[in-house]
Amino acid sequence: MSRHKTLNNKKGKLIVISAPSGAGKSSLIKAIINNNNNIELSISATTRKPREGENNAKDYFFISDEEFNALKSKDDFVECALVHNYQYGTLRSYINKRIDKGINIILDIDVQGFEQIQEASIDNTSIFIIPPSIEELKKRLNIRGLDSQDVIETRLENARHELKYANSFDFRVLNDEFDDALKSLVSIIFDGSSKDIDTEKSTKILQELLS
């Protein structure tokens, strides 16, 4: 059963958004937060050191491995993962405090994190961003210029794996045209509605991506 709800009550809601690398998820999330009130991107805890320009409690909660493991043993994370030898997690206390204040929280996580949240039966609205094609995904990753060709190929392989989880999400949004995708996301998040989603087109594209 879908757990999505409208955001027309006093409490905020948890919005889970996942997508393959290069699908445009970060740009869409940034546009939603910049153009709408009362919605924020969740801040994760991590055991890695701050990079230049990063601030504690703004970019991440920077903690030690010992602190992270202690929190994990008490089930204080709604989801957590080991990435490139560093631990990352979403603190349950942080999410609950923001939601109790009526703030809607976007959680930008991968499909493994999404599965953890589903298994824990945490109330959320889940959205998967679909790229128009693997070729377009590769083009976007190349334009970004952040990764070597080997890394890009790994990301594309991971994308094929992640796309298999798309149908487990409440909503699937095709990011073919940015403005259309943004309109669909806003409709889902603030109205709990899929009226602005071209379901037939997104389903067809997903089938092609999975074939």
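Quick note: structure is the one above.
Residues numbered from 1 in each chain as written. Predicted model: local features only at pLDDT ≥ 70, side-chain atom pairs only at ≥ 80, totals over all residues. Heavy atoms only, no water.

**Here's the deal with the environment of Glu 52**
For step 1, the next point in the chain: On the secondary structure map, Glu 52 appears in the loop between strand 3 (45-46) and strand 4 (61-62).
For step 2, the next point in the chain: In sequence terms Glu 52 and Ser 73 are 21 residues apart; their C-alpha atoms lie 30 Å from each other. (Helix = DSSP H or I, 4+ residues; strand = E, 2+ residues; numbered from the N terminus.)

**Topic: the sheet that holds strand 2 (residues 39-41)**
For step 1, the next point in the chain: Pairing in this open sheet of five strands is parallel, and the strands run 2-7-1-8-9 from one edge to the other. The open sheet has two free edges, formed respectively by strand 2 and strand 9 (171-174), since each of these has just one partner strand. Direction aside, the axes of adjacent strands within the sheet are offset by 25° on average.
For step 2, the next point in the chain: In terms of strand pairing, strand 2 meets strand 7 (residues 104-108) through three bridges, oriented parallel. When the bridges of strand 7 are listed, Ile 39 appears paired with Asn 104. (Pairing = 2+ DSSP bridges. Axes fitted to C-alpha atoms, helices over the stretch in contact; angles between N-to-C directions.)

**Quick notes on the layout of surface pockets**
For step 1, the next point in the chain: Put simply, the largest pocket is a space of about 1,900 Å³.
For step 2, the next point in the chain: If you trace the largest pocket, you find 48 residues lining it, with Lys 25, Ser 26, Tyr 60, Asp 108 and Arg 155 closest to the centre.
For step 3, the next point in the chain: Of the residues in the lining of the largest pocket, the class split is 18 nonpolar, 15 polar and 15 charged.
For step 4, the next point in the chain: When its volume is computed, the second largest pocket comes out at roughly 210 Å³.
For step 5, the next point in the chain: Surrounding the second largest pocket, Lys 11, Gly 12, Lys 13, Leu 14, Val 78, Arg 92, Ile 95, Asn 96, Ile 99, Asp 100, Ile 122 and Asp 123 form its lining.
For step 6, the next point in the chain: Here the lining of the second largest pocket gets five residues from one element, more than from any other, and that element is helix 3 (residues 92-100).
For step 7, the next point in the chain: Its residues placed into classes, the lining of the second largest pocket shows five nonpolar, two polar and five charged. (1 Å grid on protein atoms, 1.4 Å probe; cavity = no way out; pocket = protein on both sides within 12 Å on 5 of 7 lines; lining within 4 Å. Points joined across faces, edges and corners; volume = space filled by probe spheres on them. Nonpolar A, V, L, I, M, F, W, Y, C, P; charged D, E, K, R; others polar.)

**Structural notes on the side chain of Lys 13**
For step 1, the next point in the chain: As for its placement among the helices and strands, Lys 13 is situated in the segment before strand 1 (14-18).
For step 2, the next point in the chain: Polar side-chain contacts of Lys 13 include one of 3.4 Å to the side chain of Asp 123. (Polar contact = N/O pair within 3.5 Å; in protein donor to acceptor, adjacent residues only side chain to side chain.)

**Quick notes on the nonpolar core**
For step 1, the next point in the chain: The biggest cluster of nonpolar side chains holds 58 residues, and the ones touching the most others in it are Leu 14, Ile 127, Ile 129 and Val 173.
For step 2, the next point in the chain: Ranked by the residues each element gives to this core, the list is headed by helix 7 (residues 178-191), at five residues.
For step 3, the next point in the chain: Not counting residues up to four positions away in its chain, the partners in contact with Val 173 are Ile 127, Phe 128, Ile 129, Ile 130, Ala 181, Ser 184, Leu 185, Ile 188 and Ile 197. (Core = buried A, V, L, I, M, F, W, Y, C linked by side-chain atoms within 4.5 Å. Buried < 20%, exposed > 50% of the residue type's maximum accessible area, 1.4 Å probe, protein only. Contact = heavy atoms within 4.5 Å.)

**Details of the packing of helix 5 (residues 134-144) against helix 6 (residues 149-162)**
For step 1, the next point in the chain: Contact geometry of helix 5 with helix 6 gives a least axis separation of 10 Å together with a crossing angle of 145°. Crossing of helix 5 against helix 6: the hand is right-handed. Taken together, the residues of helix 6 that come into contact with helix 5 (itself represented by Ile 134, Leu 137, Lys 138, Leu 141, Asn 142 and Arg 144) are Gln 149, Ile 152, Glu 153, Arg 155, Leu 156, Ala 159 and Arg 160. (Left-handed = near helix turned anticlockwise from the far one by under 90°.)

**A word on the packing of helix 1 (residues 25-35) against helix 7**
For step 1, the next point in the chain: Between helix 1 and helix 7, whose axes approach to 10 Å, the crossing angle comes to 60°. One element, helix 1, and the other, helix 7, form an angle in the oblique class. Every pair of crossing elements has a handedness; the one defined by helix 1 and helix 7 is right-handed. Listed contacts from helix 7 to Ser 27, Leu 28, Ala 31 and Ile 32 of helix 1 are Phe 178, Ala 181, Leu 182, Leu 185, Val 186, Ile 189 and Phe 190.
For step 2, the next point in the chain: Looking at the contact of helix 1 with helix 7 residue by residue, the classes come out as ten nonpolar, one polar and no charged. (Parallel < 35°, antiparallel > 145°, perpendicular 65-115°, else oblique.)

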